[in-house]
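# Per-entry structural report
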Amino acid sequence: MTDIPSRTVIVTVSYDSLAVMPAFLGSVAAASTGPVTVYIADNKPESPARGELERVIAEYGGVYRPMTGNLGYGHAINTVVGTLPETVEFVLISNPDVVLGAESLDRMQAAIEAEDDIAAVGPRIRAVDGSTYPSARSVPSLRSGVGHAVFGTIWPTNPWTRRYRNQTGEQVVRRDAGWLSGACLLVRRSAFRALDGFDTDYFMYFEDVDLGYRFGKAGWRNVYEPSAEVLHTGAHSTTTESARMLDAHHESAKRFLNRKYTGPLLAPVRWALSAGLTLRAWIAKRR
């Protein structure tokens, strides 16, 4: 991995991510048959571990990019993507607590290059217990949004949550999706640029839902490619602030749904969704 022009690069965001960075960077070589440059946006450049992080990144040939502070996930990604060489056509956006599977990047790239209207391709994401995370979901509708907001925590197997998560036994089938998890997805840079990348109003969470939704509205496709597999070891940087992260998740959900369902006639819907999400966050924090 070197800082040289190429068609495909990888961009990730670090926030005290030293513990997981070696496994992530070490998995890149097997994910692609060609050399791939990895850019690391550091959202906590003031960390005492910065020197060691830079050393590890250099050891694997990555490119360190310190941010001006904690910009949030999408904003940091946008910042790095905006500085990439013009030769870059595809960008793999990934969390650093992901381990890329063998040939996973090659398979995602083959999928995105197969049809010109595909803006993003997402892999099959496995958890440490081997289960498949529902990473290719439907864009929340009125029915699924309200049902998931109200019952998602107290009745996880409810039909609205299952519909929203696309939990229909198709986790091994290549198919289109409303949106793909930002934990790991390959985007066509021209499509990403056309939408100005992630909406930076989302500091954390739902920036991937919003991106997939906007891709769809612009006529692009989001495609799930399960032959490409990655392992997601967990949200390492948020485990010590779970209550704050729950609040951030639900506030981002409210922001997305309020923007999707605009106008005075839909005000009661927005109020109902907001109340449901507030209740859901309250229940989750007391468990």
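First, a word on scope: everything that follows refers to the structure included in this document. (Residues numbered from 1 in each chain as written. Predicted model: local features only at pLDDT ≥ 70, side-chain atom pairs only at ≥ 80, totals over all residues. Heavy atoms only, no water.)

## Overview of the packing of aromatic side chains
The following threshold applies: Note on ring pairs: Phe, Tyr and Trp rings are taken, using the six-membered ring of Trp, and paired if centres are within 6.5 Å. Classes follow the plane angle, with under 30 degrees stacked, over 60 edge-to-face and the rest tilted. Helix numbering and strand numbering both begin at the N terminus, where a helix is a DSSP run of H or I of at least 4 residues and a strand a DSSP run of E of at least 2. Accessibility here uses a 1.4 Å probe with only protein chains present; expressed as a share of the type maximum, an area under 20% marks a residue as buried, one over 50% as exposed, and anything in between as partly exposed.
The tally for this structure, following the rule as stated, stands at 2 aromatic pairs. Measuring from centroid to centroid gives 6.4 Å for Tyr73 and Phe198, while their planes differ by 50°, and the two rings are tilted. With Tyr73 in helix α4 (residues 73-81) and Phe198 in the loop between α8 (189-194) and α9 (207-217), the pair connects residues that are 125 residues apart, well separated along the chain. Here the two residues Tyr73 and Phe198 agree in accessibility, since each one is buried. Arranged with centres 5.5 Å apart and planes meeting at 85°, the rings of Phe192 and Phe198 form a pair that is edge-to-face. On the accessibility criterion, Phe198 (2% relative accessible area) is buried. Taken together, the aromatic side chains of Tyr73, Phe192 and Phe198 make up a single cluster linked through ring pairs.

## A few points about unusual backbone geometry
Of note in this structure, Glu103 is not a glycine but carries a positive phi near 65°. On the basis of relative accessibility, which here comes to 40%, the residue Glu103 falls in the partly exposed class. The phi dihedral of Asp196 falls on the positive side, at around 60°, and the residue is not glycine. Relative to the elements of secondary structure, Asp196 occurs in the loop between α8 and α9. By relative accessible area, which is 63% here, Asp196 ends up exposed.

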